[in-house]
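So you can see what is in the structure, the chains are spelled out below.
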Amino acid sequence: MSPDSAGPAAFAPSPARDAVPFDALDIMGLRLMDIPRQDLAELVVRAARAHAKMLVVNANAHCMVLSQHEHWLRALFAEADVTFCDGAGVQLASLFLTGRRLHRTTPPEWIGPVLEQLGGDASLFWLGGEQAVAEEAARAYEQRYGVRTAGVHHGFFDARAGSADSEAIIRQINETRPNLLLVNMGMPRQERWLHDHWHRIAPTIAITAGALVDHAAGRVHRPPRWVANMGLEWAVRLSREPRRLWRRYLIGLPVFGFHVLRWKFAPERSRSQ
């Protein structure tokens, strides 16, 4: 399979997907569900207790832009069990394009309530971030929620399909059998790794968690909820990490706006890309 292939053989909708009773909308070529935060948390709790296999992914404006030319990303969202909106930009784009304002949330907002319910029934595998930070995050969650740590692996490895590093990580995950796999490798690296390897991973709930590892370790703190409600969380992140994020926000947001307008006024051309 070529690196840019959508890889249809890699995915098959899991039985867990049939139990997700929420509308799915096509937003700029991505399948996104209109799912409230509390219902998302409850779905994950039930799936974890049942030791189900479930793939949970989220989309922000950066993801939407990438999906316009990365067809494998569209395939990932088409076949994932739960896909949710993680960004005010996507929420506004949905309202503009479909007339519906999607519920919006982000993993640090609902992972805690999930683990509070699961407690010792939760077994977590942390994949991504610096090793010391990931280990710190694992200890913090053990103390805070009483969960168990199945494994911890940093995100600085050869993530290509078939690489020795990826093969070793798959073996480690399948041997430890976590019921929650937190993938904190940044977008789109975490999505690409799951696209290439999800079909070979034993039943677990994989969540594209982004910077959750840094939040859990206390290295990064979320702004007040009112900041997110106003759609200004991106500005806070940019002020904290300007070198890493300036291109994504100062260039990426106008590009996102261009694609939104193209989907509004030239949808057939956008679908053909």
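On a predicted model such as this, the values are computed, not experimentally measured, just so you know. (Residues numbered from 1 in each chain as written. Predicted model: local features only at pLDDT ≥ 70, side-chain atom pairs only at ≥ 80, totals over all residues. Heavy atoms only, no water.)

**A short note on the overall build of the chain**
Turning to step 1, where the next piece is worked out: The helix and strand inventory of the chain stands at 13 helices and 8 strands.
Turning to step 2, where the next piece is worked out: Residues classed as buried in the chain amount to 53% of the 273 residues present.
Turning to step 3, where the next piece is worked out: Excluding contacts between residues fewer than 6 apart, the proportion of contacts in the chain whose partners are at least 24 apart in sequence is 73%.
Turning to step 4, where the next piece is worked out: Put simply, the chain shows about 12300 Å² of open surface, and 54% of that area lies on carbon and sulfur atoms. (Helix = DSSP H or I, 4+ residues; strand = E, 2+ residues; numbered from the N terminus. Buried < 20%, exposed > 50% of the residue type's maximum accessible area, 1.4 Å probe, protein only. Contact = heavy atoms within 4.5 Å. Areas by Shrake-Rupley, 256 points an atom, 1.4 Å probe, with all protein chains shown as cover.)

**A short note on the packing of aromatic side chains**
Turning to step 1, where the next piece is worked out: Counted by the stated rule, this structure contains 4 aromatic pairs.
Turning to step 2, where the next piece is worked out: With a centroid separation of 5.1 Å and 90° between ring planes, the pair formed by Tyr141 and Tyr145 is classed as edge-to-face. Of this pair, Tyr141 and Tyr145 both sit in helix H6 (residues 131-145), 4 residues apart, which is roughly one turn of that helix.
Turning to step 3, where the next piece is worked out: Look at Tyr145 and you get buried, because its relative accessible area is 16%.
Turning to step 4, where the next piece is worked out: By the ring-pair criterion, three or more aromatic residues cluster together here, those being Trp126, Tyr141 and Tyr145.
Turning to step 5, where the next piece is worked out: The positively charged end of Arg189 is found above the aromatic ring belonging to Phe157, 5.2 Å away from the centroid. (Phe/Tyr/Trp six-rings, centres within 6.5 Å; stacked < 30°, edge-to-face > 60°. Lys NZ or Arg CZ within 6 Å of the ring centre and 35° of its normal.)

**Quick notes on the nonpolar core**
Turning to step 1, where the next piece is worked out: Within the largest apolar cluster, 41 residues are counted, with the highest numbers of intra-cluster contacts made by Met64, Leu127 and Trp193.
Turning to step 2, where the next piece is worked out: Per-element tally for this core: the top contributor is helix H2 (residues 61-67), with 5 residues.
Turning to step 3, where the next piece is worked out: The contacts of Met64, once residues within four sequence positions are left out, are Ile27, Met28, Leu30, Leu32, Ala59, Val90 and Phe256. (Core = buried A, V, L, I, M, F, W, Y, C linked by side-chain atoms within 4.5 Å.)

**With respect to the sheet that holds strand S8 (residues 205-208)**
Each strand in a sheet pairs with its neighbour through backbone hydrogen bonds, running either in the same direction (parallel) or in the opposite one (antiparallel).
Turning to step 1, where the next piece is worked out: The 6 strands are arranged S4-S3-S8-S7-S5-S6 in an open sheet whose pairing can be described as parallel. Of all strands in the sheet, those with a lone pairing partner are strand S4 (82-85) and strand S6 (148-153), marking the two edges. Strand-to-strand twist across the sheet, computed as the mean angle between neighbouring axes with direction ignored, equals 15°.
Turning to step 2, where the next piece is worked out: Where strand S7 (residues 180-183) meets S8, 4 bridges bridge the pair, whose relative direction is parallel. Opposite Leu181, over in S8, you have Ala206 as the bridge partner. (Pairing = 2+ DSSP bridges. Axes fitted to C-alpha atoms, helices over the stretch in contact; angles between N-to-C directions.)

**Here's the deal with the pattern of salt bridges**
When the charged atoms of two side chains with opposite charge come close together, those side chains can pair.
Turning to step 1, where the next piece is worked out: In this structure the tally under the stated criterion is 8 salt bridges.
Turning to step 2, where the next piece is worked out: Among the salt bridges present, the one from Asp34 reaches Arg100, with a minimum N-O distance of 2.9 Å. Of this pair, Asp34 sits in the loop between strand S2 (30-33) and helix H1 (37-49) while Arg100 sits in the loop between helix H4 (88-98) and helix H5 (107-118), placing them 66 residues apart in sequence.
Turning to step 3, where the next piece is worked out: Note on Asp34: relative accessible area 14%, which makes it buried. (Salt bridge = Lys/Arg side-chain N within 4 Å of Asp/Glu carboxyl O.)

**Examining the pairing of S7**
Consecutive side chains of a regular strand alternate in pointing toward one face of the sheet and then the other.
Turning to step 1, where the next piece is worked out: Where burial is concerned, the two faces of S7 agree: the one with Leu180 and Leu182 and the one with Leu181 and Val183 are both buried.
Turning to step 2, where the next piece is worked out: Relative to S7, strand S5 (residues 123-127) runs parallel, the two being bridged by 4 bridges. Looking at the pairing, Phe125 lines up with Leu181 of S7.
Turning to step 3, where the next piece is worked out: Handedness of the crossover joining S7 and S8 through helix H8 (residues 189-197) is recorded here as right-handed. (Right-handed = clockwise from strand over helix to strand, strands pointing away.)

**Notes on the packing of H1 against H5**
Turning to step 1, where the next piece is worked out: Two elements in contact, H1 and H5, have axes whose closest approach is 9 Å; the angle formed by their N-to-C orientations is 40°. Taken together, the axes of H1 and H5 are oblique relative to one another. Relative to H5, the crossing made by H1 is right-handed. Listed contacts from H5 to Arg37, Leu40, Ala41, Glu42, Val44, Val45, Ala48 and Arg49 of H1 are Glu109, Trp110, Val114, Gln117 and Leu118.
Turning to step 2, where the next piece is worked out: A per-class count over the contact of H1 with H5 returns 8 nonpolar, 1 polar and 4 charged. (Parallel < 35°, antiparallel > 145°, perpendicular 65-115°, else oblique. Left-handed = near helix turned anticlockwise from the far one by under 90°. Nonpolar A, V, L, I, M, F, W, Y, C, P; charged D, E, K, R; others polar.)

**As for the confidence of the model for the chain**
Turning to step 1, where the next piece is worked out: Taken as a whole, the chain shows an average pLDDT of 89; of its residues, 83% reach a score of 70 or greater.
Turning to step 2, where the next piece is worked out: Taken as a whole, residues 1-10 scores under 50 in pLDDT and shows 19 contacts with residues more than four places along the chain or in a different chain. (pLDDT = per-residue confidence, 0-100.)

**A short note on the side chain of Thr204**
Turning to step 1, where the next piece is worked out: Inspection of the secondary structure assignment puts Thr204 in the loop between H8 and S8.
Turning to step 2, where the next piece is worked out: Those residues in contact with Thr204, other than ones at most four positions away along the chain, are Ala52, Lys53, Met54, Pro178, Asn179, Leu180, Leu181 and Trp198.

**Some details on a nonpolar patch on the surface**
Turning to step 1, where the next piece is worked out: Together, Phe96, Leu261 and Phe265 give the surface a local cluster of nonpolar side chains, amounting to about 330 Å² of exposed area.
Turning to step 2, where the next piece is worked out: Note on placement: Phe96 falls in helix H4.
Turning to step 3, where the next piece is worked out: For Phe96, a relative accessible area of 37% corresponds to the partly exposed category. (Patch = residues over 30% accessible without salt bridge, like charges linked within 9 Å, V, L, I, M, F, W, Y side chains within 5 Å.)

**A few points about unusual backbone geometry**
Working note: non-glycine residues mostly have negative phi, and peptide bonds are mostly trans.
Turning to step 1, where the next piece is worked out: Each neighbour pair has its own omega, and for Met187 with Pro188 the value is 10°, a cis peptide bond.
Turning to step 2, where the next piece is worked out: For Pro188, the location among the structural elements is in the loop between S7 and H8.
Turning to step 3, where the next piece is worked out: Notably, Met28 is not glycine yet its phi reads approximately 55°, a positive angle.
Turning to step 4, where the next piece is worked out: By secondary structure assignment, the location of Met28 is in the loop between strand S1 (24-27) and S2.
Turning to step 5, where the next piece is worked out: Given the relative accessible area of 1%, Met28 is considered buried.
Turning to step 6, where the next piece is worked out: With a phi close to 55°, His51 is a non-glycine residue in the positive phi region.
Turning to step 7, where the next piece is worked out: In this fold, His51 is placed in the loop between H1 and strand S3 (54-59).
Turning to step 8, where the next piece is worked out: His51 sits in the exposed class, given a relative accessible area of 56%.

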